[in-house]
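Residue-level listing of the chains:
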Amino acid sequence: MLKRVLIANRGEIACRIIRACKEAGIESVAIHAANDSGALFTELADIVVELEGNTIAETYLNSEQIITIAKDVEADSIHPGYGFLSERAEFATAVIESDLIWIGPSPQAIIEMGDKMTARRTMRAAEVPVIPGEEVEGGIEEIIAAAAKVGYPLLLKASAGGGGKGMRAVHSPEDVREAAEGAMREALNSFGDDRVYVERLLSGSRHIEIQILADSHGNTIHLGERECSIQRRHQKVFEESPSVALEPDLRQQMGDAAIAAAEAVSFVGAGTVEFLLTPQGEFFFLEMNTRIQVEHPVTELVTGVDLVREQLRIAAGEEMSCEELQMRGHAIEVRLYAEDPSNNFLPAIGDLLTFIAPQGPGIRLDTGVRQGDAVTPDYDPMLAKLIVWAPSRQEALQRLARALDEFVILGCTTNIRFLRELCDHPDVIDGWTTTDMIERLWPDGWTPDMTGRILEVAYLAANAAEASGYGRKGKQSIIGNSSELETPFATLSRRYP
Amino acid sequence: MLKRVLIANRGEIACRIIRACKEAGIESVAIHAANDSGALFTELADIVVELEGNTIAETYLNSEQIITIAKDVEADSIHPGYGFLSERAEFATAVIESDLIWIGPSPQAIIEMGDKMTARRTMRAAEVPVIPGEEVEGGIEEIIAAAAKVGYPLLLKASAGGGGKGMRAVHSPEDVREAAEGAMREALNSFGDDRVYVERLLSGSRHIEIQILADSHGNTIHLGERECSIQRRHQKVFEESPSVALEPDLRQQMGDAAIAAAEAVSFVGAGTVEFLLTPQGEFFFLEMNTRIQVEHPVTELVTGVDLVREQLRIAAGEEMSCEELQMRGHAIEVRLYAEDPSNNFLPAIGDLLTFIAPQGPGIRLDTGVRQGDAVTPDYDPMLAKLIVWAPSRQEALQRLARALDEFVILGCTTNIRFLRELCDHPDVIDGWTTTDMIERLWPDGWTPDMTGRILEVAYLAANAAEASGYGRKGKQSIIGNSSELETPFATLSRRYP
Amino acid sequence: MELSYLGEDLSGTITRDGQLFILGNMVAEVDNTVWITIDGRRQQAHVALSKDAWWVHFAGHTIRLDIVEAGFTASDSGGGLTAPMPGKVLEVLVKTGQNVTEGQALLVLEAMKMEHRILAPKDGEITAIHFNTGDQVTGGALLLDLQTE
Amino acid sequence: MELSYLGEDLSGTITRDGQLFILGNMVAEVDNTVWITIDGRRQQAHVALSKDAWWVHFAGHTIRLDIVEAGFTASDSGGGLTAPMPGKVLEVLVKTGQNVTEGQALLVLEAMKMEHRILAPKDGEITAIHFNTGDQVTGGALLLDLQTE
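Along each chain, residues carry numbers from 1 onward, in the same order as the chain's sequence is written. Labels follow written order: the first chain is A, the first ligand is 1, and so on. Local features in a predicted model are, by the rule used here, given only for residues with pLDDT of at least 70; side-chain atom pairs are given and counted only at 80 or more, and totals for whole chains, interfaces and linings are based on all residues. Each side-chain value is derived from all of the structure's non-hydrogen atoms; neither hydrogens nor water enter the calculation.

Caption draft 1: Focus on helix H11 (residues 307–315) of chain A. Residue and element names in this part refer to chain A. Burial analysis of H11 places 9 of its 9 residues in the buried class, which makes it a mostly covered element. A 1.4 Å probe rolled over the protein chains alone gives each residue an accessible area, and that area as a share of the maximum for its type sets the label: buried under 20%, exposed over 50%, partly exposed in between. Helical segments are the DSSP runs of H or I of at least four residues, strand segments are the runs of E of at least two, and each set is numbered from the N terminus. Buried residues of H11: Leu-307, Val-308, Arg-309, Glu-310, Gln-311, Leu-312, Arg-313, Ile-314 and Ala-315, and no others. At the C-terminal side of H11, Gly-317 shows a positive phi close to 90°.

Caption draft 2: The sheet that holds strand E11 (residues 220–232) of chain A, seen in detail. Residue and element names in this part refer to chain A. Two strands qualify as a pair provided that DSSP identifies no fewer than 2 bridges between them. Judged by pairing direction, the sheet is antiparallel, and its 8 strands sit side by side in the order E14-E13-E10-E11-E12-E15-E22-E20 without closing on themselves. Since the sheet does not close on itself, it has two edges, and those belong to strand E14 (283–289) and strand E20 (363–367), each with one partner. This sheet shows a mean twist of 25° between the axes of neighbouring strands, independent of strand direction. Direction of pairing for strand E10 (residues 206–214) relative to strand E13 (residues 269–277): antiparallel, over a ladder of 9 bridges. Residue pairing for E13: Glu-209 is matched across the bridge by Glu-274. Set on the sheet, helix H1 (residues 11–24) makes contact with E20 and strand E22 (382–390); between it and E20 the angle comes to about 115°. Those strands touched by H11 are E10, E11 and E13, and its axis lies near 40° from that of E10. Convention adopted: a line fitted to C-alpha atoms gives each axis, helices being fitted over their contacting stretch, and angles between N-to-C directions are expressed from 0 to 180 degrees. Whether two residues are in contact is decided by their heavy atoms: any pair within 4.5 Å suffices.

Caption draft 3: Looking closely at the environment of C:Arg64. All names here are of chain C. Checked against the element boundaries, Arg-64 lands in strand E9 (residues 61–67). Taking the C-alpha atoms as reference, Arg-64 lies 9.8 Å from Ser-50; in sequence the two are 14 residues apart. At 2.7 Å, the side chain of Arg-64 forms a polar contact with the side chain of Asp-66. Polar contact is the term for a pair of N or O atoms within 3.5 Å; when the atoms are in protein, one must be able to donate a hydrogen and the other to accept it, and sequence-neighboring residues count only if both atoms are side-chain atoms.

Caption draft 4: Highlighting empty space enclosed by the protein. Residues are said to line a cavity or pocket when one of their atoms sits within 4 Å of a point; the points come from a 1 Å grid over protein atoms alone, cavities being sets where a 1.4 Å probe fits but cannot get out and pockets being open sets with protein on both sides within 12 Å along at least five of seven lines. Grid points are joined across faces, edges and corners, and a volume is the space filled by probe spheres set on the points. Evaluation of the coordinates by the stated rule reveals 9 cavities of 30 Å³ or more. Volume-wise, the largest cavity comes out at about 480 Å³. Along the wall of the largest cavity there are 29 residues; nearest its centre are A:Leu301, A:Gly362, A:Trp389, B:Leu301 and B:Trp389. For the lining of the largest cavity, the secondary structure elements donating two or more residues are helix H10 (296–303) and E20 of chain A together with helix H10 (296–303), strand E20 (363–367) and strand E22 (382–390) of chain B. Classes in brief: Ala, Val, Leu, Ile, Met, Phe, Trp, Tyr, Cys and Pro nonpolar; Asp, Glu, Lys and Arg charged; the others, Gly included, polar. Looking at the lining of the largest cavity residue by residue, the class counts come to 13 nonpolar, 4 polar and 12 charged.

Caption draft 5: Local environment of unusual backbone geometry. A cis amide bond links A:Tyr152 with the next residue in sequence, A:Pro153, at an omega value of -5°. Of note, A:Pro153 is situated in the loop between helix H7 (140–150) and strand E7 (154–158). In the segment running from B:Ser241 into B:Pro242, the intervening peptide bond is cis, with an omega of -5°. Tracing the chain through its elements places B:Pro242 in the loop between strand E12 (235–241) and helix H9 (248–264). Positive phi, close to 65°, is recorded for A:Glu127, a residue that is not glycine. By secondary structure assignment, the location of A:Glu127 is in the loop between helix H6 (116–125) and strand E6 (133–134).

Caption draft 6: Main features of the packing of aromatic side chains. Classification of ring pairs rests on two measures: the distance between centres of Phe, Tyr or Trp rings, Trp counted by its six-membered ring, which must be within 6.5 Å, and the angle between planes, read as stacked under 30 degrees, edge-to-face over 60 and tilted in between. Under the criterion given, the structure shown has 16 aromatic pairs over all chains. Summarising the aromatic geometry, the rings of A:Phe91 and A:Trp102 are spaced 5.7 Å apart at their centres and angled 85° between planes, so their arrangement reads as edge-to-face. Highlighted residues: A:Phe91 in helix H4 (residues 89–97) and A:Trp102 in strand E5 (residues 101–102), separated in sequence by 11 residues. What makes A:Phe91 buried here is its relative accessible area of 1%. Ring geometry for B:Phe345 versus B:Phe418: centroids 5.1 Å apart, planes at 80°, classification edge-to-face.

Caption draft 7: Inspection of the domain arrangement of chain C at higher detail. How far each domain reaches was decided by an automatic or database domain assignment. Looking at chain C, the domain boundaries give domain 1 (2–66) and domain 2 (79–148). With centres defined by C-alpha atoms, the gap from domain 1 of chain C to domain 2 of chain C works out at 35 Å.

Caption draft 8: Local environment of the packing of helix H12 (residues 393–406) of chain B against helix H13 (residues 416–424) of chain B. Residues and elements named next belong to chain B. Across the interface, H12 lies against H13 with an axial gap of 9 Å and an inter-helix angle of 155°. By the angle between their axes, H12 is roughly antiparallel relative to H13. For the crossing formed where H12 meets H13, the hand is left-handed. Packed against H12, whose contacting residues are Leu-397, Leu-400, Ala-401, Leu-404 and Asp-405, the element H13 presents Ile-416, Arg-417, Leu-419, Arg-420 and Cys-423 at the interface. For the contact of H12 with H13, the residue count by class is 7 nonpolar, no polar and 3 charged. Just so you know how the angles are binned, under 35 degrees is roughly parallel, over 145 roughly antiparallel, 65 to 115 roughly perpendicular, and the rest oblique. By definition, turning the near helix anticlockwise from the far helix through less than a right angle yields a left-handed crossing, and turning it clockwise yields a right-handed one.

Pasting the structure below:
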């Protein structure tokens, strides 16, 4: 069994892993940049070490420093979470060469799947269908040439990419150069690798992914699917299991394809094989994530498997403890972002003056923050994940709506109301969920469905609170004369597409 | 479908029912006594009406006022929760006669099961085994005579009773008179009925109960068992499903007996048939609760059935939506009481200055309170229920321990630490859970397992906080000279058995 | 108190009667929290005060009301384009004196690991640019001036 | 500051070094919360101040430290028996002048719908009874006086 795990991550996933360690009787080590001092994950961990350095490259991406700390505190293993170093084969290699256990698949598997272009080639060899497109070796001109071959609309994707970074949808040839430059620059900034390739944009498709678990005793299983079609900026916001689009037959086929993909790279650990499912019922390999995923709780609630705990077992060389696949009910996860959905999902910052989570049946909250924390522009704006389970999809949507109504976050703009309206949308209720859904439903951008009555209530509440000295130390009033302030906030009604 | 439900209850169960209504698209009406103004359940409800009156009899037990309010606000139904009016047949009758839907079984079923002595007779007729004992018609002398027949140790129980009220364990004849007087007085105060009967005290037994669900279309099913053996003052504190003591065979037998019991009174709705299971494997009918129970979430997590939502369906005349019984994993509920377990579980009061609930996988919190609320002596000291689910019993105990460690309540003494230590106790881990467990493990009372180091930390933390002006408006110091204060708190180390 | 929502001024006459605040047929009370009574139904509102705004949560909606202080005038007809949040200027796409059309990209900002393009809200002329490529900007910083017709 | 835990006085010399408070090999810092460093490991403590006590949560334990104010003396050797919480006196089981033995029930109190028996902490004589059956008592109210040897 593992004894002391260093978590090379932050935020909600660090909390998730620390909790799994606690439950397994394993000590946890949190590392954090100076600007994460006092964050929730540092409160939960058994041992906390501050990283030197200011940038992400100097802290959470600093392999050398992290491994040195792991040795210093006598950790026996490293869990990378998702993002950051989780899919860097060199880091996995360095961890293993430092006599630490790497809680993840082999560096070789990471390399074969981590580079999206290599993965496409490997999958083609394993006869798993891939999206029509072109791998590109070269720069901007080669990309433009490949784009012409693939045809429009198309997607430019960073070969080293993930999480929507370095990705651009292009609808006509005249936009391709600017888009390719932006994608390459973002890819370089995010991954240190500016290679970009081209895929056909399969409109109206669903994003279906299969959870894989494999141990070192030769067992590779799949744990059913997640549908993550609802996305904005190519990042998932709403994830569910099971998918309304999968009958047992298709689930079986896609599960088998996912197992084949994993076995093609001798995969060990928890991973996800992502597919696009077209309206015609064809599915294409998109990529494999060789790590735990943001949306893993959806699978946990439906299958009853504790994926992170299984990762710890598998890394220790034990057999996974899963019994036969038993999917029950329906789970949905929504990602709570500090962002303004009425302003093209522009990230927001602020202080979490109030943070009241919903409670009661069927609710799970995986949060990296709590009341009193500040939301800064230093990291990804995802604050927390709210996951609900209910016996049926309809009841899960109703529960999610109830939970989002209860969720109170004041002091920072979030996408809660946007998510809440999704729950009621006929297309969501009917399961007509596709990757271009948000553009389809709100081609001119989303604005909250708010009656004038609500604004009047807010105006009255704010004035009453102000006049009563609510929320202030001592009673005082700052009521001024009529006129307006030119502040950054006056720009809130502007759009930055 | 129901349109508007009045909830004739308060606290966490009112919150639970309101949430189920919201999810089902039904409006909810909260009623509350003046001293519950602003309570969480009044925040969650769609419509809130304050009850007139000061005592519980004038408010939450005031059938007439409650029905008048229901008609006034045009509710179409009343959900009684547990406790209060939930098992008062006259109330159910009055509700039905006012053309409101009663969310519960028929008044006749309540009468037949609600009076414990009648229930014993009905069960005997239905050939369900009952605990050896004597029904008593008469007063103190008849009780004493019956006690002599039953033999010691024995239990005195209020015939109208429940929740440990009007119950006394008696171990020798010289104590029986004072105990009977106390039981009768408590029964009269709590239920307006001082009839007390006698049962043999079956030491070393387990409390096993079977959840029943029956609709008006003739379907009666059981949803497996809950084991609620760990009790203090005859009130459950730790409830789990499944029970380590039940093999599929015995589960089947007890499930069949429970269905027989329910069908004997033409039961419709959600109910629980309670049994004692002796170390020899015999089981005896204890009582049937004709309402939703405090510990119902344990069954919900293991079976995936939403019991309260099913109650709403059944009351509307629909068929229950449950599929075949599918028990998965293990769930445990602990009841968080405002009480001092190191002082014989004496109820405590105080302000919830800090109330931070645990988060993450497998955690459910059904709370009636939140940070900022005051805990008063007006009502039952149960603050909240923490329920965990995990794939196995061992993992559930580990998860519960983790969650309790995360739970921070400051400003009011609670039993959190007591519950936390239960998770680690070898007898709990081994499943040697019996109704006399707490007396067996801590015959001289429980005291926290706290190192001197923890006290030193607390002393340092308090002094540092004080000197820094933490938690005060403005910085000031109230550090006085050495000496002591005679306050109620100086009595905290005394015991009031 | 003057408040605005997404730049729109809010107003309405609120009267006070002891502990009660009245606006039309709505009544507010404040104790540990704020209670709003509409048509006889009393509901809780969560409120919090940040540096520049009152935040209100009511009936599942979260509303941010910016506090409008005395002595300032809004410049709807043009003026400054401010950074929506702290970040780094990746690219300046226009020059001083350049005429731009509504929707044209003026500047690319990197914040929270994403690129954001600042667009011209109206047709006009760029009269000043306050930052260069690579500069760090704070939230609310004036990036460039746009003179509109 | 003088603090007691379950009636036992706590003490120890705490020194202050800037923002740090030191007790033995433990160091505390206070910002938005309280941080305790022991053997190089920094852990968070949650603290809150109520009217009469500091509450501390640390490593899964909750500790209530009563604030001991100047000018009072504990009366361990006897004195008042106080109501542990507000309630109603159901029954007074002793008379003034009566000798009682340790553990003897003196009075029955009803609070939170349960009966609680107040027992004699030591042998002694009842010198005063301050309430009668049916009286409401507040938490901390002196119920009766017990003179011990």
